[in-house]
Amino acid sequence: MTVTVTEETAPASHYDRIGGASAVRAAVDLFYDKVLVDPELAGYFSDVDMVGQRRHLTLMLTTVLGGPDEYAGRGLAEAHQPLNIPVEHYAMVGGHLVVTLTELGVPADILADVQTVLGQVQDQVVSRGNRSGV
C-alpha cells in the first residue's frame, strides 16, 4: 500500500482570484474613468499626475487584495488630509470603486472585504472637520 502525502495549498488570495495584476490595473483604469467624469470629484485630480496616481492606487489595491505588498507611497492620511475631503465625497469614491469591481465580476465576498477596508480607512481620508457625527 502506498500513501501519498500532498501539501496543503494556501487558499488563493483575493488578488489571485480576480486575475492578479492585469485585473487590478483594469479595475483602476475603469475606476478613474468614472471618477474623472464625476463633476463632484474630478476637481480633486485637476493638478494630479494621473499616471503616478493610477500606479499608486494599483499598488495599494494590490496590497488590500492580498497581492504583493510593493506600495511605498505616502500614507493615506498624509496624502488626503490636505484635500479637506468631506465624508460625502469619500462615500462617492467608494461607490465608484464598488460599482467598478461589480461591473468587472468581482465576487461578493471580495466586494464585502473591500467595503470593510473602505470603512476602516475612512478616518484617514476624510477631513477631520467633515466626519459624520463630529
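Keep in mind that this is a model prediction, so the values were computed, not measured. (Residues numbered from 1 in each chain as written. Predicted model: local features only at pLDDT ≥ 70, side-chain atom pairs only at ≥ 80, totals over all residues. Heavy atoms only, no water.)

### Quick look at helix α3 (residues 50–64)
Working step 1: For α3, which comprises 15 residues, the first-to-last C-alpha distance of 20 Å matches the rise-based estimate of 21 Å (1.5 Å per residue) to within 8%.
Working step 2: Buried residues of α3: M50, G52, T58, L61 and T62, and no others.
Working step 3: Where α3 starts, the residue carrying a side-chain oxygen 3.2 Å from the main-chain nitrogen of V51 turns out to be D49.
Working step 4: Positioned one or two residues after α3, G66 has a phi angle of 90°, which is positive. (Helix = DSSP H or I, 4+ residues; strand = E, 2+ residues; numbered from the N terminus. Expected span 1.5 Å × (residues − 1). Buried < 20%, exposed > 50% of the residue type's maximum accessible area, 1.4 Å probe, protein only. Polar contact = N/O pair within 3.5 Å; in protein donor to acceptor, adjacent residues only side chain to side chain.)

### A word on the layout of surface pockets
Working step 1: Considered as a void within the structure, the largest pocket measures approximately 880 Å³ in volume.
Working step 2: The wall of the largest pocket is formed by 32 residues, among which Y32, Q53, L57, L76 and H80 lie closest to the centre.
Working step 3: Sorting the residues of the lining of the largest pocket by element identifies α2 (20–35), α3, α4 (76–80), α5 (87–103) and α6 (108–125) as the ones contributing at least two each.
Working step 4: Broken down by element, the residue count for the lining of the largest pocket peaks at 6 residues, all from α3.
Working step 5: Its residues assigned to classes, the lining of the largest pocket shows 24 nonpolar, 6 polar and 2 charged. (1 Å grid on protein atoms, 1.4 Å probe; cavity = no way out; pocket = protein on both sides within 12 Å on 5 of 7 lines; lining within 4 Å. Points joined across faces, edges and corners; volume = space filled by probe spheres on them. Nonpolar A, V, L, I, M, F, W, Y, C, P; charged D, E, K, R; others polar.)

### Here we look at the pattern of salt bridges
Working step 1: By the definition in use, this model includes 3 salt bridges.
Working step 2: Among the salt bridges present, the one from R54 reaches D29, with a minimum N-O distance of 3.1 Å. Placement of R54 in helix α3 and of D29 in helix α2 is noted, with a sequence separation of 25 residues between them.
Working step 3: Judged by relative accessible area, which is 21%, R54 ranks as partly exposed.
Working step 4: Relative accessible area serves as the criterion here: at 37%, D29 is assigned to the partly exposed category.
Working step 5: Across the pair K34 and E103 runs a salt bridge, and its minimum N-O distance is 3.0 Å. Of the two residues, K34 is situated in helix α2 and E103 in helix α5; the sequence distance between them amounts to 69 residues.
Working step 6: Classification of K34 by relative accessible area gives buried; the value is 18%. (Salt bridge = Lys/Arg side-chain N within 4 Å of Asp/Glu carboxyl O.)

### Some details on the packing of aromatic side chains
Working step 1: Summed over all chains, the structure comprises 2 aromatic pairs.
Working step 2: Taking 4.9 Å as the distance between ring centres and 65° as the angle between the ring planes, the aromatic pair formed by F31 and Y32 counts as edge-to-face.
Working step 3: In this structure Y32 comes out as buried when scored by relative accessible area, which is 3%.
Working step 4: On the numbers, 5.6 Å between centres and 75° between planes, the contact of Y32 with F45 is edge-to-face. Of this pair, Y32 sits in helix α2 while F45 is found in the loop between α2 and α3, placing the two residues 13 residues apart along the sequence. The exposure classification of Y32 matches that of F45, with both residues buried. (Phe/Tyr/Trp six-rings, centres within 6.5 Å; stacked < 30°, edge-to-face > 60°.)

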